[in-house]
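Residue-level structural notes
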Amino acid sequence: MYRVYFLGAHAGFGYLGGLDPRLHVPRLEQPRVSVPAGSVAIGGVQTGVIAQTSPSGWNLIGSTDVTFFNVGATPPALLAPGDRVRFHVSRVEA
């Protein structure tokens with residue numbers, strides 16, 4: 001289970017703490033120009049879900065169909081500081 005520390009980087013992106021130390025990996029030396037919304041990523045000691053298609057230097061480890069930011073919703077961001085997030089694997093691809 002992960003805890004949302006704060007929102008930042010782009011609208012709806014939650015920095016999630018609680019990543020197992022065995023999964024800590026440095027950010028990429030060269031960021032990707034475009035990462036699709038819904039990408040699950042690890043950057044250093046944190047993880048998060050890319051809420052909007054945007055550049056990112058984080059390592060991609062999966063994806064979700066959940067919408068993390070919707071300007072028409074109230075509130076527009078799915079996550080808030082202090083929330084808890086749990087990931088469930090629905091399929092594995094090689």
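The text that follows walks through the structure, step by step, so that each part is easy to find. Owing to the predicted nature of the structure, the values given are computational and were not obtained by experimental measurement. (Residues numbered from 1 in each chain as written. Predicted model: local features only at pLDDT ≥ 70, side-chain atom pairs only at ≥ 80, totals over all residues. Heavy atoms only, no water.)

1. As for the environment of Glu93
Within the fold, Glu93 resides in the segment after strand E8 (84–85). For Glu93, a relative accessible area of 61% translates into the label exposed. As a C-alpha pair, Glu93 and Val35 span 58 residues in sequence and 18 Å in three-dimensional space. Of note is the side chain of Glu93, whose polar atom sits 2.7 Å from the side chain of Arg91. (Helix = DSSP H or I, 4+ residues; strand = E, 2+ residues; numbered from the N terminus. Buried < 20%, exposed > 50% of the residue type's maximum accessible area, 1.4 Å probe, protein only. Polar contact = N/O pair within 3.5 Å; in protein donor to acceptor, adjacent residues only side chain to side chain.)

2. Remarks on the pairing of strand E1 (residues 2–7)
As paired strands, E1 and E8 are joined by two bridges and run antiparallel to one another. Looking at E8, one finds that Tyr2 is bridged to Val85. Relative to strand E2 (residues 14–17), E1 runs antiparallel, the two sharing four bridges. By the bridge assignment for E2, Leu7 is matched with Gly14. The turn joining E1 and E2, which pair antiparallel and follow one another in sequence, is formed by six residues; a positive phi near 70° is taken by Ala9. (Pairing = 2+ DSSP bridges.)

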